[in-house]
Amino acid sequence: MLENYYPLLVILSIAVFLGFLVVALGVLFGPRRPTARKGAPYESGMVPYGEGRRRISVRYYLIAVLFILFDIEIVFFLPWAVVLRQLGVEGLIGMFLFVGVLLVGFVYVWKKGALEWE
Amino acid sequence: MLVEWIIKSVVIVLFMTAGFAYVTLYERRLLARMQTRIGPNRAGPFGLLQPVADGIKLIFKEELVPHNADKLIFTLAPVITVIPALIITAVIPWGDTLTIGGTKITLYLTDVNIGILYLMAVTSISVYGITLAGWSSNNKYALLGGLRATAQMISYELALGLSFVGPILIAGSMSLLDIVKAQSSIPFILLQPAGFIIFFLASLAEVNRAPFDMPEAEQELTAGYHVEYSGMKFALFFMAEYIKLIAVAMIGSTLFLGGYQGPFVDQFPILGPVYLFAKVIIWLGVFIWLRATLPRIRYDRLMAFGWKIMFPIALLNVLVTAVVLVLVGG
Amino acid sequence: MNDRLLSSTVDEAVSSRLSGLLTEDTRPGYSGYLVAPENLLEAVQILRDELGFDYLSSVTGVDYLEEDRLETVYHFYRSTGGSGLVLKSSCSRENGRIPSLTPIYPGAEFQEREAWDLLGIRFEGHPDLRRILMWEGFDGHPLRKDWREPYFEEEAKPFKSRWPDGKAVRSEEKTPFGDNVCFPPDFDPQTWQAEPETVIERLQQDEKPLADEEIQTDRIVVNLGPQHPSTHGVFRMTVMLDGETIVSLKPVMGYLHRNHEKIAERNTFLQNMPFTDRLDYLASMSNNFGYAIAVEKLMGVTPPERAEYIRVIMAELTRISSHIMTTGFLLNDLGAFFTPALYALEERELILDIFEMVSGSRMMCNYFRFGGVVRDIPEDVLGRIRQLVTDRLPRKIDELDSYLTNNEIVKTRCQGVGVLTDVQAIAYSAAGPILRASGVPYDVRRADPYSIYDRFDFDVAVQTHGDVYDRYLVRLQEMRESLKILRQALRDIPGGPVLAGKPQYQVRVPAGEAYGRVEGPKGELGFYVVSNGKPNPYRYHVRAPSFINLTSLETMCMHQKVADAVVVLGSVDIILGEVDR
């Protein structure tokens, strides 16, 4: 069973190699003449005001948390989908209950305004 | 065995890399035609050497690293972005089994029984590179672009994941080879039209293509998360983007258009890859066509669309498919 | 008076209501009224509220060096139409102060900043009197008559060093490229750090936070521009963001400033004709038109019939070429990948071909002369224009309409974005499609007809919502109305000469002042010219529509998404050559 995954390891290592090779090519052949101005962050040609890394709008975090919640629930769909034929109506009812729970959460989040981007 | 794996892996990786180079040319030529222009036609016949020229130019470009950037992450981010793009198509079957002089060669690297889970997992990883690039650049445009990209990609991943469920339901397997084989008589696009549309839209958002090309919205954020990148590091982002495009077209073709299936493919398995790539080229053509046609959706509407429309419809599609399958098809 | 700017009823109204405050300007060649600075605000309040002069078209100043005073010149109009009222107020050159009109007309804000920047007139009560076109820290006020530029030679052209032996030495050659930059001894451009700009302070002061905010987010100050792909040139918006929402915005301009007006005051009257091409370089014909009208008012000449028709044809073709390009590039700002823009450029190219046939140049036409145009249009070119106007352009404009107007994404992104109400639009002195999209049917061609526009049958395009979408619709309709005018002009164009009198290099312009205005593609384009009888204009001021339209940018963008700021800017349709001058 597990040997099916070995080829994935092979291609992964080739991809990693290629990724670093490309970076190395640039390092090897590209010129390197840094100056203070070149190293300054680009902001339409102006000196940036304030740091580039900073606290950012909380809505992004909200989206991230919601994603984790719902994505995990979606993963449950996949094995269920594979064996639905065997489970039959029972499986269907089970999934409807599951989706019901999921929808309660979804509606709550929607009504709470977490999906609004204003 | 190992030799076969290495050869196949190298073929896939090289195919994706070369594919990237020529998809850029394909896009530029096709866009030009749609815009009453000619497009690049100077380097080589029909401009066929243009990607090579572009590559050489990028190799000899100076690479800048901003002073306050997190240098390690700044360098790693493009590599982290390109790796998932290169390996995601490893589970896509290019064809069935080919017999050359008595040796049987399977036209796929490996047939994993949780192929679709693999696709979802690798897709999720590709968000990292973009987020890290945006954060490490110490640039406000990059930060905003990276954040937008992250939020957009994870939001549409929900709908994307749900659109996978339809084909799994019908095929009863998560192996992509089984899914393709299940489509030998009828492609799933006919059984799953809603699922197909959801997949198509979500995948557009997933690979940041027009009209969802928010993260690199040139108009307000100049280039978004890769604004500080130059030279080969920039090339890697560019490469990842286009390889993902090919990958999405391959996955979509496999799930909904019958993958390598086509007339006479049973007699001549070598036709498998031909059919697959013909489908991919058409799929890419539609992507390019959309880019030439549509303006960009605004960010807040894009997020609302993903959460409030795509997600519920995708969920509904799954349930309806399941009910029909159990009550009728079972 | 060479031109009665005031109709008699307005005259009566002024004399009955404002007789104590205003005195008539009786200098030869001048018109309008003089007002003492201390009475200015009171008089202007009455003007706006009781006499209906609600539209402040132009604010500028003149430096009368010999009389040791600075004079501000205001041009007021009624948004319902009719001729205008000119008001002037003087102060001393040293410490002169004039009350600011911004409390009554917010549209005076940028114009007064410009007058302070270039002429050094202090406007008391102005909320934000900073330099606008010159950089912070610049020494002096360049439009003052005693201010001299580097490599100054003489007050007026032609310079003796280049005349009459014909041995031209350009001042660029005196300072060859590479040696023309010199820094103070202790200055190293590589390590130099800019001082904090005052614009950041203003940005923080004028922040308007979003209303119901539970969680306080970090504000991000971002520069969009000057080196930015979508600010239509080297224009800069300093933006303060709360997440993706704009809570404060300040435009910064002047990166393309070349002191057009100072150069023009050194030039002779005719030398300025090609120089106006460089203002709004997409609409050089209508720039020529405005300047020609202003100087013709001073000279008292009228162009022959054929010339008037040619002028109208050229101005309307310019309008179409400018509008079609704006429409195409607006879609670019919406994120379309160049397709609409390139489709638009294709049509524009055909119009530019015609310009090349009549004037010899695609963009820098230099076609108008005082009293006519420089050369006649051959009959075959007229035929080509006819073909373009009756066949190709209507078809292509309809095509653009069918592609864009009902596009769902265009609608959701443009409707309700960048709204300017009719009251705001008038108050901010907005002009052109912006004003008309806000529901004010004000078009100089109709409201105060110049040239022969009173002969044509056309509608003033107007919409009511004042958002980006309506500006697009106004432009679309205006192109169709321009075609209507073109068809009539091409039908009626008579034969005959195209220039009154002989062509001459040196025109004789009597002393006096004149304000010539035309409806350019971007809005009301005005030229205020003062002559003292010499071969050069004593004062030459451009009322640049895209500059003044930017006054309302902050209001239009407030609490919009950052992506929409770019779209709003695109809908304002600025041309940096004209904004920065």
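Predicted, not measured: the structure shown is a model, and the values here were computed from it.

Undergrad: Just checking my understanding: could you explain the overall build of chain A for this structure?
TA: When you go through chain A residue by residue, the secondary structure sums to 4 helices and 0 strands. Its helices and strands in sequence order give chain A the pattern α-α-α-α, from N to C terminus. The C-alpha atoms of chain A give 25 Å as radius of gyration, which overshoots the globular expectation for 118 residues (13 Å, by more than 25%). When its C-alpha atoms are laid out on the principal axes, chain A stretches across 70 × 50 × 15 Å.

Undergrad: Can you walk me through the overall build of chain B in this structure?
TA: When you go through chain B residue by residue, the secondary structure sums to 12 helices and 2 strands. Each helix and strand of chain B, ordered N terminal to C terminal, gives the series α-α-α-β-β-α-α-α-α-α-α-α-α-α. When the 330 residues of chain B are sorted by exposure, 60% land in the buried category.

Undergrad: Explanation requested: unusual backbone geometry in the structure shown.
TA: For Phe46 of chain B, which is not glycine, the phi dihedral falls at a positive 55°. Along the chain, Phe46 of chain B falls in the loop between α1 (2–34) and α2 (50–59). Overall, the presence of 12 C-beta atoms within 10 Å leaves Phe46 of chain B in the exposed class. One non-glycine residue, Arg581 of chain C, adopts positive backbone phi at about 45°.

Undergrad: What's the story with the environment of Leu221 of chain B in this structure? I'm lost.
TA: Residues and elements named next belong to chain B. Structurally, Leu221 can be placed in helix α9 (residues 218–221). Residue classification places Leu221 among the buried residues on the basis of 30 C-beta atoms within 10 Å. In this structure, Leu221 is in contact with Tyr141, Leu144 and Gly145, ignoring residues within four places of it in sequence.

Undergrad: Before we go on, may I ask you to explain the interface of chain C and chain A in this structure?
TA: Note on interface size: it is often stated as the accessible area lost on association of the parts. Taken residue by residue, the interface counts 17 residues in chain C and 16 residues in chain A. When residues of the side of chain C that touches chain A are assigned to their parent elements, the largest contribution, 4 residues, is made by strand β8 (residues 219–224) of chain C. Taken together, the residues that form the side of chain C that touches chain A break down as 7 nonpolar, 8 polar and 2 charged.

Undergrad: How should I be thinking about the pairing of strand β4 (residues 69–77) of chain C in this particular structure?
TA: Residues in a regular strand project their side chains so that they alternate between the two faces of the sheet. All names here are of chain C. Of all 9 residues in β4, 8 are buried, a share of seventy percent or more. With 9 bridges connecting them, strand β3 (residues 55–64) and β4 associate as antiparallel partners. The residue of β4 that forms the bridge with Val62 is Glu71. Counted along the chain from β3 to the antiparallel partner β4, the turn is 4 residues long, and its residue Asp68 has a positive phi close to 55°. Sheet topology note: the β4/strand β5 (residues 85–92) ladder contains 8 bridges and is antiparallel. Paired with Phe76 across the strands is Leu85, a residue of β5.

Undergrad: Would you take a moment to explain the environment of His323 of chain C for this structure?
TA: All names here are of chain C. Topologically, His323 is positioned in helix α9 (residues 305–333). According to the C-beta neighbour criterion, His323 is buried, with 27 such atoms within 10 Å. With 13 residues separating them along the chain, His323 and Ala336 place their C-alpha atoms 18 Å apart.

Undergrad: Sorry if this is basic, but what is going on with the sheet that holds β3 of chain C here?
TA: In a beta sheet, neighbouring strands pair by backbone hydrogen bonds and run either parallel or antiparallel. Residues and elements named next belong to chain C. Ordered in space as β1-β2-β5-β4-β3, the 5 strands form an open sheet in which the pairing is mixed. Both edges of this open sheet fall to β1 (22–24) and β3, since each of them pairs with a single strand only. Strand-to-strand twist of the sheet, defined as the mean angle between neighbouring strand axes without regard to direction, takes the value 30°. Pairing of β1 with strand β2 (residues 33–35) involves 3 bridges; the strand directions are antiparallel. Each residue of the ladder has a partner; that of Thr23, found in β2, is Leu34. The sheet strands contacting helix α2 (residues 37–49) are β1, β2, β4 and β5, and the helix crosses β5 at an angle near 160°.

Undergrad: Is there a simple way to think about the sheet that holds strand β14 (residues 523–531) of chain C in this case?
TA: Residues and elements named next belong to chain C. Across the sheet, which stays open at both edges, the 3 strands sit in the order β13-β14-β15 with antiparallel pairing between neighbours. This sheet does not close on itself; its edge strands, each paired only once, are β13 (512–520) and β15 (537–543). Pairwise comparison of adjacent strand axes, ignoring direction, gives a mean angle of 15° for this sheet.

Undergrad: When you look at the interface of chain B and chain A in this model, what are you seeing that I'm missing?
TA: Each partner contributes to the interface: chain B provides 68 residues, whereas chain A provides 54 residues. Residue assignment for the side of chain B that touches chain A shows that the elements contributing at least two residues are α1, α3 (71–87), α4 (115–136), α5 (140–171), α10 (231–256) and α12 (299–329) of chain B. Top contributing element to the side of chain B that touches chain A by residue count: α5 of chain B, with 13 residues. Broken down by class, the residue content of the side of chain B that touches chain A amounts to 44 nonpolar, 14 polar and 10 charged.

Undergrad: Would you mind going over the environment of Ala194 of chain B with me for this structure?
TA: Residues and elements named next belong to chain B. Here Ala194 lies in helix α8 (residues 193–206). Residues Ala194 and Ala314 lie 120 residues apart in sequence; the distance between their C-alpha atoms is 7.9 Å. When residues no more than four places from it in sequence are discounted, the contact partners of Ala194 are Ile313 and Asn317.

Undergrad: In this structure, what is going on with α10 of chain B? I would like to understand it.
TA: Two residues of an α-helix separated by three or four positions point the same way, owing to the 3.6 residues in each turn. Residues and elements named next belong to chain B. An ideal rise of 1.5 Å per residue puts 38 Å on 26 residues; α10 measures up with 38 Å between its terminal C-alpha atoms. For α10, the buried fraction is high: 25 of the 26 residues fall into the buried class. Just beyond α10, the residue with positive phi is Gly258, at close to 85°.

Undergrad: Just to check I follow, could you spell out helix α1 (residues 6–29) of chain A for this structure?
TA: The terminal C-alpha atoms of α1 of chain A, which comprises 24 residues, lie 35 Å apart, in line with the 34 Å expected from a rise of 1.5 Å per residue. Residues Pro7, Val10, Ile11, Ile14, Ala15, Leu18, Gly19, Val22, Val23 and Gly26 of chain A constitute the buried set of α1 of chain A. On the buried face of α1 of chain A, the contacting elements are α1, α2, α3 and α10 of chain B.

Undergrad: I tried to follow the packing of helix α11 (residues 379–404) of chain C against helix α16 (residues 468–492) of chain C on my own but got confused; where do I start?
TA: Two quantities define a packed helix pair, namely the angle between the axes and the distance from one axis to the other. Residues and elements named next belong to chain C. Between α11 and α16, the shortest axis-to-axis distance is 10 Å and the interhelical angle comes to 160°. Taken together, the axes of α11 and α16 are roughly antiparallel relative to one another. Between α11 and α16 the crossing geometry is left-handed. Residues Leu382, Ile385, Arg386, Val389, Thr390, Leu393, Pro394, Ile397 and Asp401 of α11 lie in contact with α16, whose contacting residues are Leu476, Met479, Arg480, Leu483, Leu486, Arg487 and Leu490. When the residues that make up the contact of α11 with α16 are grouped by side-chain class, the tally is 11 nonpolar, 1 polar and 4 charged.

Undergrad: What should I look at first to understand the pairing of strand β9 (residues 236–242) of chain C in this one?
TA: All names here are of chain C. Counting buried residues in β9 gives 6 out of 7 residues, a clear majority hidden from the surface. Where β9 lies against strand β10 (residues 245–252), 7 bridges are found, and the strand directions are antiparallel. From the neighbouring strand, Thr238 faces β10, where its bridge partner is Lys250. Counted between consecutive antiparallel strands, the loop separating β9 from β10 contains 2 residues, among which Gly243 sits at a positive phi close to 70°.

Undergrad: Help me understand the confidence of the model for chain B in this model?
TA: Low pLDDT means the predicted coordinates in that region are not meant to be read closely. Within chain B, residue pLDDT values average 85, and 98% of them lie at 70 or more. Interface confidence in the predicted complex, given as ipTM, is 0.85; pTM for the same model is 0.86.

Undergrad: Even after reading the chapter, I still don't get the packing of helix α8 (residues 284–299) of chain C against α9 of chain C, so can you show me in this structure?
TA: Residue and element names in this part refer to chain C. Contact geometry for α8 and α9: axes closest at 7 Å, N-to-C directions at 135°. Between α8 and α9, the angle is such that the two are oblique. Here the hand of the crossing between α8 and α9 comes out left-handed. For the pair α8 and α9, contact is made by Met285, Ser286 and Phe289 and by Arg311, Met314, Ala315 and Thr318, respectively. Residues of the contact of α8 with α9, tallied by class, amount to 4 nonpolar, 2 polar and 1 charged.

Reading guide: rules and limits
- Residues numbered from 1 in each chain as written.
- Chains lettered and ligands numbered in written order.
- Predicted model: local features only at pLDDT ≥ 70, side-chain atom pairs only at ≥ 80, totals over all residues.
- Helix = DSSP H or I, 4+ residues; strand = E, 2+ residues; numbered from the N terminus.
- Rg over C-alpha atoms; globule rule 2.2 N^0.38 Å.
- Buried ≥ 20, exposed ≤ 12 C-beta atoms within 10 Å, placed from the backbone.
- Contact = placed C-beta atoms within 7 Å.
- Nonpolar A, V, L, I, M, F, W, Y, C, P; charged D, E, K, R; others polar.
- Pairing = 2+ DSSP bridges.
- Axes fitted to C-alpha atoms, helices over the stretch in contact; angles between N-to-C directions.
- Expected span 1.5 Å × (residues − 1).
- Parallel < 35°, antiparallel > 145°, perpendicular 65-115°, else oblique.
- Left-handed = near helix turned anticlockwise from the far one by under 90°.
- pLDDT = per-residue confidence, 0-100.

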